[in-house]
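Overview (structure and organization)
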Amino acid sequence: QGFQDGCFSYVEGGKGLFSLDLATGNVRTIMNEFASEMKFSPDESMLAFVDYGRKALQILDVATGDKIEFEHLYPDLLTDQYGLAWSPDSSKLAFTILLEACLTDRATSIIIADIASMSQKILVNEDERHLGSEKWLDENRILVSDWSENSWHLNPKTGELTSISQ
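Quick look at the structure, then. Values in this document were obtained by computation on a predicted structure and should not be read as measured data. (Residues numbered from 1 in each chain as written. Predicted model: local features only at pLDDT ≥ 70, side-chain atom pairs only at ≥ 80, totals over all residues. Heavy atoms only, no water.)

**Points about the sheet that holds strand 14 (residues 141–145)**
Heads up, the rule is: Pairs of strands are assigned from DSSP output, requiring at least two bridges between the strands. Secondary structure counts use DSSP, requiring at least four H or I residues in a row for a helix and at least two E residues in a row for a strand, with both numbered from the N terminus. Whenever a helix is involved, its axis is fitted only over the stretch in contact; in every case the axis is a line through C-alpha atoms, and angles between N-to-C directions fall within 0 to 180 degrees.
As summarised here, the arrangement of the four strands in space is 13-14-15-16, forming an open sheet in which the pairing is antiparallel. Two strands close off the open sheet at either side, each with one partner strand: strand 13 (132–138) and strand 16 (161–163). The average angle at which neighbouring strand axes cross in this sheet is 30°, direction not considered.

Right under this line is the structure:
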């Protein structure tokens, strides 16, 4: 599994992520660990990923290899994190946490992580509709949907949800 950006081909390879320079053929290791979810920032300077073992959201600076890890907001619950959605300016990241991932009676929360301040804000807290972040559309709208494919716009500043389908 992989993708190309015109200059490089990025390939997930078992344990890690590698880039292949399409002009020179050189291969570079970008990340050397298992991840259950990963997404490049729009400016391609950062890679957000969820560490498979710890289920922690991490941000990797692609140029330097430096990593930052966000505090897990539900450390006492079995969770799964997915739906990584970068803001268009690459400064924030929305993601979804599935709470009590192995139970049938579960809920989701949608979080905004601010990269510069290393802060997190819960926008949707323990929602039983199973809302999940999909794509950060613009400064005022994140596309979210539930498991029945109903969709909403989520305001990243206020947490207000506006239905766009039934």
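That shown, we press on.
**Structural notes on the nonpolar core**
Put simply, the test is: Nine residue types can take part in a nonpolar core, namely buried Ala, Val, Leu, Ile, Met, Phe, Trp, Tyr and Cys, and a core is a set of them joined through side-chain atoms within 4.5 Å. Relative accessibility decides the category of a residue: with a 1.4 Å probe and only protein chains considered, values under 20% of the type maximum give buried, values over 50% give exposed, and everything between is partly exposed. Contacts are assigned to residue pairs with any non-hydrogen atoms lying within 4.5 Å of each other.
A48, L57, I59, L84, W86, L93 and F95 are the most contacted members of the largest nonpolar core, which has 16 residues in total. Residue assignment for this core shows that the elements contributing at least two residues are strand 6 (46–51), strand 7 (57–61), strand 9 (79–86), strand 10 (92–99) and strand 11 (107–114). At four residues, strand 10 tops the list of elements feeding residues into this core. Sequence-distant contacts of F95, that is, excluding residues within four places in its chain, are made with L57, Q81, Y82, G83, L84, S109, I110, I111, A113, Q120 and S133. Counting residues in hydrophobic clusters, the runner-up holds 12 residues, among them A85, V144, W152 and L154.

**Some details on a nonpolar patch on the surface**
Just so we agree on the cut-off: Each patch is built from salt-bridge-free residues with over 30% relative accessible area, joining like charges within 9 Å and nonpolar side chains (Val, Leu, Ile, Met, Phe, Trp, Tyr) within 5 Å. Surface exposure here means Shrake-Rupley accessible area, sampled with a 1.4 Å probe, where a residue is shielded only by the protein chains that are shown. Note on definitions: salt bridges are taken to be side-chain nitrogens of Lys or Arg within 4 Å of carboxyl oxygens of Asp or Glu.
Together, L20, L22 and V27 make up an exposed nonpolar region whose accessible area comes to about 250 Å². Taking the relative accessible area as the measure of exposure, L22 reaches 40% and is therefore partly exposed.

Read these as layout, nothing more, since geometry by itself doesn't imply function.
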